[in-house]
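Listed here are the chains, written in short residue letters.
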Amino acid sequence: MAKLEHAWAQTREALLAALASRDEGLTGVEAAARRRADGPNSLEITRRRPWLDALLEQLRNPMSWLLVFAAVVSSLAGELTDAVVIVAVIVLSGILDALQQHRASRAIEALRARIALRCDVLRDGQSASVLAEDVVVGDVILLSAGSLVPADGVVLAAKDLQVSEAILTGETFPVLKAPGTSAVDAPLGKRGNALFLGTSVRSGTGTMLVTALAKDTEYGRIAKTLSLRAPETDFDRGIRRFGYLLTRIMVALVVFTFAATVLTHQPPIDSLLFAIALAVGLAPEMLPAIVTVNLSRGARRMAERGVVVRRLTAIESFGSMDVLCTDKTGTLTRGEIALGDALDVEGAPSTRVLELGYVNAALETGLASPMDAAIRARGEHDGLDVKAWEKLDELPYDFSRKRLGIVARDPSGVRRLVEKGALATVLDVSSHARTASGVVALDDALRERVLAKGRELGGRGMRTLGVASAEVTERARYGVEDEADLVFEGLLTFADPPKDGVAEVVRDLARLGVAVKMISGDAREVAIHVASEVGIATDRVLTGKELAAMRDEALWNLAPKTAIFAEVDPNQKERIILALGKSGHVVGYMGDGINDAPALHAADVSLSVDGAVDVAREAADFVLLKQDLGVLRDGVLEGRTTFANTMKYIYTTESANFGNMISMAAAAAFLPFLPLLAIQVLLNNFLSDIPAIAIAGDAVDPELVEAPQRWDLKGLARFMISFGLVSTFFDLLTFAGLYFVLGAREAEFRTGWFVESILTELAVALVVRTRRAAWKSRPAAGLLWSSVAVAVISIVLPYTPLAAVFALVPPPPAMVLMIATITAAYVFAAERWKRIFFGRMARR
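Residues numbered from 1 in each chain as written. Predicted model: local features only at pLDDT ≥ 70, side-chain atom pairs only at ≥ 80, totals over all residues. Heavy atoms only, no water.

Participant: Looking at this structure, I do not really get the overall build of the chain. What am I missing?
Facilitator: Each helix and strand counted, the chain has 28 helices and 23 strands in total. Sequence separation of 24 or more characterises 73% of the internal contacts of the chain that already satisfy a separation of 6 or more. When the accessible surface of the chain is summed, it comes to about 35,500 Å², and 58% of that surface belongs to carbon and sulfur atoms. (Helix = DSSP H or I, 4+ residues; strand = E, 2+ residues; numbered from the N terminus. Contact = heavy atoms within 4.5 Å. Areas by Shrake-Rupley, 256 points an atom, 1.4 Å probe, with all protein chains shown as cover.)

Participant: Sorry if this is basic, but what is going on with the pattern of salt bridges here?
Facilitator: Pairing between side chains of opposite charge can happen when their charged atoms approach one another. Evaluated as defined, the whole model comprises 42 salt bridges. Of the charged contacts in the structure, one is a salt bridge between Glu474 and Arg415, with a shortest N-O distance of 3.6 Å. Here the residue Glu474 occupies a position in the loop between β16 (462-471) and β17 (486-495), and Arg415 occupies one in strand β13 (residues 415-422), the gap between them amounting to 59 residues. Residue Glu474 is classed as exposed on the basis of its relative accessible area, which comes to 64%. (Salt bridge = Lys/Arg side-chain N within 4 Å of Asp/Glu carboxyl O. Buried < 20%, exposed > 50% of the residue type's maximum accessible area, 1.4 Å probe, protein only.)

Participant: I keep staring at the packing of aromatic side chains and nothing clicks. Help me out?
Facilitator: Overall, the coordinates contain 14 aromatic pairs when judged by the stated rule. Ring centres of Tyr739 and Phe740 lie 5.1 Å apart, and the angle between their planes is 85°; on these two criteria the pair is classed as edge-to-face. Tyr739 sits in the partly exposed class, given a relative accessible area of 28%. The ring of Trp8 is capped by Arg191, whose NZ or CZ atom sits 3.7 Å from the centre of that ring. (Phe/Tyr/Trp six-rings, centres within 6.5 Å; stacked < 30°, edge-to-face > 60°. Lys NZ or Arg CZ within 6 Å of the ring centre and 35° of its normal.)

Participant: When you look at the nonpolar core in this model, what are you seeing that I'm missing?
Facilitator: Generally speaking, nonpolar side chains in soluble globular proteins are found buried as a group. The biggest cluster of nonpolar side chains holds 125 residues, and the ones touching the most others in it are Phe318, Ile536, Leu607, Phe622 and Phe754. Examining the composition of this core, we find that 13 residues originate from one element, helix α23 (residues 630-670), more than from any other. Look past the residues within four positions of Leu607 in its chain and what remains in contact with it is Phe318, Leu324, Tyr589, Met590, Gly591, Leu600, Ala620, Phe622, Leu624 and Leu632. One finds Ala7, Leu19, Val163 and Val210 within the second-largest nonpolar core, a separate group that totals 28 residues. (Core = buried A, V, L, I, M, F, W, Y, C linked by side-chain atoms within 4.5 Å.)

Participant: What is the right way to read the sheet that holds strand β19 (residues 541-543) from this model?
Facilitator: Strands pair in a sheet through their backbones, by hydrogen bonds, and they do so in one of two ways: parallel or antiparallel. The mixed open sheet is built from eight strands, whose spatial order is β8-β23-β22-β21-β9-β18-β20-β19. Each of the sheet's edge strands pairs with one partner strand only, and the pair in question is β8 (307-309) and β19. Averaged over all neighbouring strand pairs, the angle between strand axes comes to 20°, with direction disregarded. Two strands pair when backbone bridges link them, and strand β9 (residues 323-326) and strand β18 (residues 515-519) are joined in this way by four bridges, in the parallel orientation. In the strand pairing of β18, Cys325 is matched with Lys517. (Pairing = 2+ DSSP bridges. Axes fitted to C-alpha atoms, helices over the stretch in contact; angles between N-to-C directions.)

Participant: Explain helix α27 (residues 781-796) to me, please; I cannot follow it from the model alone.
Facilitator: Quick reminder: α-helices carry 3.6 residues per turn. Residues three or four places apart thus point the same way. Between its first and last C-alpha, α27 extends 22 Å over 16 residues, near the 22 Å set by a 1.5 Å rise per residue. Taken together, the buried positions of α27 are Leu783, Ser786, Ser787, Val790, Ala791 and Ser794. Buried residues in α27, looked at end-on, bunch into an arc of 140°, giving them a common side. Along α27, the residues that are exposed and aim more than 90 degrees away from the buried face are Ala781 and Trp785. At its buried positions, α27 is contacted by α24 (678-694) and α26 (746-768). (Expected span 1.5 Å × (residues − 1). Arc of directions from axis to C-beta.)

Participant: Got a minute to help me understand the pairing of β13 in this structure?
Facilitator: The side chains of a regular strand alternate between the sheet's two faces. The buried fraction of β13 amounts to seven of the eight residues, a majority that puts the element mostly inside the structure. In the sheet, strand β12 (residues 403-409) pairs with β13 via seven bridges, with the strands oriented antiparallel. Paired with Val407 across the strands is Leu417, a residue of β13. Connecting β12 to the next strand, β13, in antiparallel fashion are five residues, including Gly413 with a positive phi near 95°.

Participant: Can you walk me through the packing of α24 against α26 in this structure?
Facilitator: If you want to describe how two helices pack, look at the angle between their axes and the distance between the axes. It is the contact of α24 with α26, at a shortest axis distance of 10 Å, that shows an interaxial angle of 25°. Considered as vectors, α24 and α26 are oriented roughly parallel to each other. The two elements α24 and α26 meet at a crossing, and its hand is right-handed. For the pair formed by α24 and α26, the contact residues are Gln680, Leu683, Asn684, Leu687, Ser688 and Pro691 on the first element and Arg750, Phe754, Ser757, Ile758, Glu761 and Leu762 on the second. (Parallel < 35°, antiparallel > 145°, perpendicular 65-115°, else oblique. Left-handed = near helix turned anticlockwise from the far one by under 90°.)

Participant: Would you mind showing me how to read the pairing of strand β1 (residues 118-123) here?
Facilitator: Strand direction decides the pairing type here: β1 and strand β2 (residues 126-131), joined by six bridges, are antiparallel. Residue pairing in the sheet places Leu122 in a bridge with Ser127 of β2.

Participant: Would you explain empty space enclosed by the protein in this entry?
Facilitator: To find leftover empty space, a probe the size of one water molecule is rolled over the atoms. All told, the structure shown has four cavities of 30 Å³ or more when counted by the stated rule. Reported here for the second largest cavity is a volume of approximately 130 Å³. In terms of lining, the second largest cavity is formed by 14 residues, of which the most central are Thr652, Ser688, Ala692, Glu761 and Ala765. When contributions to the lining of the second largest cavity are tallied by element, the ones reaching two or more residues are α23, α24, α26 and α27. (1 Å grid on protein atoms, 1.4 Å probe; cavity = no way out; pocket = protein on both sides within 12 Å on 5 of 7 lines; lining within 4 Å. Points joined across faces, edges and corners; volume = space filled by probe spheres on them.)

Participant: Would you explain the packing of helix α12 (residues 351-363) against helix α13 (residues 370-381) in this entry?
Facilitator: Two elements in contact, α12 and α13, have axes whose closest approach is 9 Å; the angle formed by their N-to-C orientations is 120°. Viewed along their axes, α12 and α13 adopt a mutual orientation that is oblique. Both α12 and α13 take part in a crossing whose hand is left-handed. Of the residues in α13, those touching α12 at Leu354, Gly357, Tyr358, Ala361 and Ala362 are Asp372, Ile375, Arg376, Arg378, Gly379 and Glu380.

Participant: Please clarify how a nonpolar patch on the surface should be interpreted in this entry.
Facilitator: A surface patch of nonpolar side chains, amounting to about 460 Å² of accessible area, comprises Trp785, Val788, Val792, Ile795 and Val796. By the element assignment, Val792 lies in helix α27. (Patch = residues over 30% accessible without salt bridge, like charges linked within 9 Å, V, L, I, M, F, W, Y side chains within 5 Å.)

Participant: Explanation requested: the side chain of Asp393 in the structure shown.
Facilitator: Checked against the element boundaries, Asp393 lands in strand β11 (residues 390-395). Of the polar contacts made by the side chain of Asp393, one reaches the backbone nitrogen of Tyr478; its length is 2.9 Å. Contact partners of Asp393, with chain neighbours within four places excluded, come to Lys159, Ile406, Val407, Arg477 and Tyr478. (Polar contact = N/O pair within 3.5 Å; in protein donor to acceptor, adjacent residues only side chain to side chain.)

Participant: In this structure, what is going on with helix α15 (residues 444-459)? I would like to understand it.
Facilitator: When the terminal C-alpha atoms of α15 are compared, their 22 Å separation across 16 residues agrees well with the 22 Å that a helix rising 1.5 Å per residue should span. Of all the positions in α15, only Leu446, Val450, Leu451, Gly454, Leu457 and Gly458 are classed as buried. Axial view of α15: buried residues confined to an arc of 135°, hence all on one face. In this structure, α15 carries Asp444 and Arg449 as exposed residues pointing more than 90 degrees from its buried face. The first or second residue beyond α15 is Gly461, which carries a positive phi of 85°.

Participant: What should I look at first to understand the environment of Gly459 in this one?
Facilitator: The topology assignment puts Gly459 in helix α15. Residue Gly459 is classed as partly exposed on the basis of its relative accessible area of 45%. The spatial distance from the C-alpha of Gly459 to the C-alpha of Val530 is 9.2 Å, given a sequence separation of 71 residues. If we ignore the near neighbours within four places in the chain, the residues touching Gly459 are Glu525 and His529.

Below, the structure written as structure tokens:
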């Protein structure tokens, strides 16, 4: 369907006519036809790319282009064999990487499909739940608090519809939306009748007519001009800084090696190829594949435990997380709220309070609430009904008022406003109270007695709501200004006990170095009671009122020391998360309500549940499909395992590569020939990278997952240099043995060094993969046997017809014996130095 211009400036009738729609929505047949014609309502067409596309994507990385440059130089110099071999190495490495990433992407797409966003639309005049990507132009969408707006459109009907447009305008506070028209030239933030893709409903209800999809929306237009990337994670930041470090080393290595070899009268083309090959050899070219395989395996394992990973790189952050903030209801508690008592002002059981609470809960149509569900369940059990009540209007719940009003005609014909909400806010709009002796003025003393009763109940873990009512005069429409001079009727109490096993999970996370903090909108007393039940420290509590009066700098200092934040609003939750991050923590947040969305966006690791409101689930990195907090502990361990195996690859590869590259650069300056040809260096890198893929599935020693792990570039540099120097010592020993003792000529020298460098790199990888003694930590079968296979290939290759392609020759027995001896000595020295190095690190 053609794009509709300036929809916000057109009348309701004109829009419905232009889009061939109606108030009751499209028919199923019409919607299906438009879906086929216009395609999915998605900014990204998530088709599975052929493996060739994935391969070409991998060949775009800088290391591959450096190799391509080396191949071009070889071909221009007439070394066509070298050029062919270099290109073959590029393609083989790319295929290995691409196949792993393609397999991972297929698995992740299947998992994400399980939690695809849905929305309520009118089809054939009836409400139906459909996938957001199946929404079409002309659809009529039903919206309520917590809904994500699935497309651009205009408001057809609304009741106190408050929408958060921060994703587009940056405006913190929600905007009131209503039917009507806006000026043609109205800026985005001033279109009071328009709704936009990606925004979310904070309160109220409404219906919207879809006028634009996907790339034709305001969000889609911005996405086309900006590179919209997820915030950089702690792990991504470490990878980037590591890349900068390697780049500086590689540039220096190329310049030094090229200059040194040319000065020793080596052919310039061979010298350039050799220098480039050395630089490429230093780069962990398989790191993208290793990271992807690690993350995809972690995502699959977490899926087996009932967790869908929506952002792969967040798995690494899960392992680095040292603070987990969580909402209370439905996360720490069962979320199966049961109504306890209905009490009057004096604390006595009251049927009137229960009846009025039931009327309010049964007739409200806005934000779904488990407390309303509990009231309805109790009322139905007690035989209450609202058939004799006629609903006239509704004042929807929002997070600033913290109350909800229903205007209805009662059985006697009186128009009555029935209000229910947070105890203090209902008292704020009440001027009188109903007692056993009648209606009396709500003075300060009575007000304090009611609040004291609420605190007493909160101290026993009971949540409370206040109920008030008042007669109102007839009018066409009621608003929040009518919430005044009410008669306070009494309290409703609710029980929501902690989930089974939560205390154990909190203890387990504490042992893993993750501090659990509660951030709740509930009363201070309720929060403290639940915290004490689940093992969260209760010695320091901050309330929303105290936060509002606190400067950011003070919060940066207090937030890490505080375990309970109570009576906070959604923006304060976000502020707490940001303060914890500012103080150097990797922060996780778990929540399932619309009021949790800002905090979920701000957290390094965001978690929600399958039954969460749309805006919370879409903001989360992880979605729990099961009501089992034990998966949090499993997720932390999975993240740390993934991080540990990624770092294994970097540590083992860079220590060996750095030593080898320094050795060859030094040898090239003094030997009358190059120690290895460029194609031999590249083949060496390719063969040694094959077992590296298996590191993703390697076993991890328990001590490596006992505490949060983060990038330590200084420690990595020390490791790379110290182990590299150990490697260099044995490399130079090999050079001396080959050249001075055995008198090896060029081809024999290169063959001996080629075999020895592969064997030592494979062996030291098995040593460095654990901080324990190598024989006390069993490697995964894939890593062990792939290492054995590559070792056999490197030993046998010089005796095969392929030897000539790589300029290798069969080594004499004396050389084989010397290589075996030096390799064994190197493994012993690496094991010894490993204990010294990590022992010193532990004492720092």
